[in-house]
Amino acid sequence: MNPGDTFEILSAASITGEFSDILLGEGFEAGLTINLTYHADRIILDVSALSGDANLDGVVESLDLNVIEQHLGGVGGFREGDLDGDGDIDGFDFAVWQANFGLSLNGTGQVTVTNASVPEPVSGIALFFIFGCVRVRNSG
Ligand SMILES: [Ca+2]
Ligand SMILES: [Ca+2]
């Protein structure tokens, strides 16, 4: 999974509940955040990261600057230091890193939930994320 990835993990005529538990699998990177958005007919999973955290360890620190420096002048994605998402690694990415230096996430991996519709809660349904096993559709 990479920051910016979006997956439709469930599609149905009508969805009336939500997952009661979400477990992040082995190897889920500490700096990644997943957001589940419940719609009336589908559930969307978006992956994001702290702006500036190129090495995805959950902290914006000097190690992230090292990533930018290693790829400076080249092309790549978030993991190569393209922090502004324009496909290259340059001074603008450095500015993103600098503006966010010192920020950190709490804990290992983050999960947030957004309700685009307001489904009725259903207990006993668990969603187990095993790293790499949720790739249903990648629009990114
Ligand atoms: Ca970092
Ligand atoms: Ca860039």
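The structure we're discussing is the one just above.
Since the structure is predicted, the reported quantities are computational estimates derived from the model, not experimental observations.

Rules and cut-offs
Throughout, a residue's number is its position along its own chain's written sequence, starting from 1. Chain labels run from A onward and ligand labels from 1 onward, assigned in the order the entries are written. Whole-chain, interface and lining totals are the exception, using all residues; otherwise, since this is a predicted model, local features are given only for residues with pLDDT of at least 70 and side-chain atom pairs are given and counted only at 80 or more. The nonpolar core is taken to be a set of buried Ala, Val, Leu, Ile, Met, Phe, Trp, Tyr and Cys residues joined by way of C-beta atoms within 7 Å. Partly exposed residues are those falling between the two cut-offs: more than 12 but fewer than 20 other C-beta atoms within 10 Å of their own, whereas 20 or more means buried and 12 or fewer means exposed, with C-beta atoms placed from the backbone. Numbering of helices and strands runs from the N terminus, with a helix taken as a DSSP run of H or I at least four residues long and a strand as a DSSP run of E at least two residues long. Domain borders in the structure are assigned automatically or taken from a domain database. Here, residues touch in the contact sense if the C-beta positions derived from the backbone fall within 7 Å of one another.

Caption draft 1: Representation of the nonpolar core. Membership of the largest hydrophobic core comes to 16 residues, with the highest contact counts inside it found for Leu32, Ala54, Ile68, Leu83 and Trp97. Contributions of two or more residues to this core are made by strand S3 (32-38), strand S4 (42-49), helix H1 (62-71) and helix H2 (91-100). Here the element with the most residues in this core is S4; it accounts for 3 residues. For this core, the two domains that each supply at least three residues are domain 1 (1-50 + 108-133) and domain 2 (54-104). Not counting chain neighbours up to four residues away, the residues in contact with Trp97 comprise Gly52, Val60, Asp64, Leu65, Ile68 and Leu83.

Caption draft 2: Summary view of unusual backbone geometry. Backbone geometry places Leu56, a non-glycine residue, at a positive phi of 55 degrees. With respect to the secondary-structure elements, Leu56 resides in the loop between S4 and H1.

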